[in-house]
Each structure stands twice: as structure tokens, then as C-alpha cells.
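What follows is the residue order along each chain.
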Amino acid sequence: MGALKPWHIAVLVVVLILLFGAKRLPDAARSLGRSLRIIKAETKSLQDDDRDLAEKADAQTGYQPLPPQQQYAPQPQQPVAPPVDPVQRVREN
């Protein structure tokens, strides 16, 4: 039922020639070929862009995050001496 038989193709060719004329069919086929070539080139460039992005993403996966820093017990603070005025220290000596 779904098979394409040779007489189907012949009828299709005759209908196309009657609709478009023998002169316009080669031009239509040529423009269709150009369009398909452009589509093919664009899809290839999109695939190349995707591949480049995937390679860049793979290169970044090699980075490892820094391990969390360990929390140390706070060191006891040493007593801080009160600030001394240098002028007063000179006067005392």
C-alpha cells in the first residue's frame, strides 16, 4: 500500500512539468540544491559550536573545589598591654 511504484513517479514528473514548465524546473532544482547546501553548512557549524562548547566545559571539569578548611580551637589570647604614648615614655626616662 505504501510502496512507491514506477508509474507513480512518472505521473508526478508529468504533473510537475505541466505545472511549472520545462524551463523553470532546472532553476527550481538548482535553487533547492543551494538551499539544502546552505542548511547543511549551517547545521554543521552549529554542531561544531556545540562540540567546542562541550570541549571547553570538559576542560573546566578538571578543576576541583578547595577542601573545606578545618576549624581549629581558638588560641587563648595573650594579654594586651595598654598603648603607651611615645612622648610620655621619653619624659619618664
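Participant: I'm lost on the overall build of the chain in this one. Help?
Facilitator: The helix and strand inventory of the chain stands at three helices and zero strands. Across the chain, helices and strands are ordered from the amino to the carboxyl terminus as α-α-α. By element, 62% of the accessible surface of the chain is carried by carbon and sulfur atoms, the whole surface being about 9,800 Å².

Participant: Would you mind going over the pattern of salt bridges with me for this structure?
Facilitator: Where charged atoms of side chains with opposite charge meet at close range, the side chains can pair. Applying the stated criterion across every chain, the model contains two salt bridges. Residue Arg30 pairs with Asp27 through a salt bridge whose shortest N-O separation is 2.9 Å. Separated by three residues within a single helix, Arg30 and Asp27 lie in helix α2 (residues 24-60), roughly one turn from each other. The class of Arg30 is partly exposed, set by a relative accessible area of 44%. Across the pair Arg51 and Asp48 runs a salt bridge, and its minimum N-O distance is 2.9 Å.

Participant: What is the right way to look at a negative patch on the surface in this model?
Facilitator: Side chains of Asp49, Asp50, Asp52 and Glu55 sit close together on the surface and give a patch of like negative charge. Within the secondary structure layout, Asp50 lies in helix α2.

Participant: Any chance you could explain the confidence of the model for the chain here in plain terms?
Facilitator: Looking at the chain, pLDDT values average 80 and 82% of them are 70 or higher. Within the chain, helix α1 (residues 6-20) carries the highest mean pLDDT (88), whereas helix α3 (residues 86-92) carries the lowest (75).

Participant: Looking at this structure, I do not really get α1. What am I missing?
Facilitator: In an α-helix, one full turn covers 3.6 residues, which means residues spaced three or four apart are oriented alike. Taking 1.5 Å of rise per residue, 15 residues should cover 21 Å, and α1 covers 21 Å from first to last C-alpha, within 8% of that figure. The positive-phi residue at the C-terminal boundary of α1 is Gly21, with phi of around 90 degrees.

Participant: In this structure, what is going on with a nonpolar patch on the surface? I would like to understand it.
Facilitator: A cluster of nonpolar side chains, Trp7, Val11, Leu12, Val15, Leu16, Leu19 and Phe20, forms an exposed patch at the surface whose accessible area comes to about 690 Å². Among the residues examined, Leu16 registers a relative accessible area of 33% and is labelled partly exposed.

Parameters and conventions
Residues numbered from 1 in each chain as written. Predicted model: local features only at pLDDT ≥ 70, side-chain atom pairs only at ≥ 80, totals over all residues. Heavy atoms only, no water. Helix = DSSP H or I, 4+ residues; strand = E, 2+ residues; numbered from the N terminus. Areas by Shrake-Rupley, 256 points an atom, 1.4 Å probe, with all protein chains shown as cover. Salt bridge = Lys/Arg side-chain N within 4 Å of Asp/Glu carboxyl O. Buried < 20%, exposed > 50% of the residue type's maximum accessible area, 1.4 Å probe, protein only. Patch = residues over 30% accessible without salt bridge, like charges linked within 9 Å, V, L, I, M, F, W, Y side chains within 5 Å. Lys, Arg positive; Asp, Glu negative; His and termini not counted. Charge placed at Lys NZ, Arg CZ, Asp CG, Glu CD. pLDDT = per-residue confidence, 0-100. Expected span 1.5 Å × (residues − 1).

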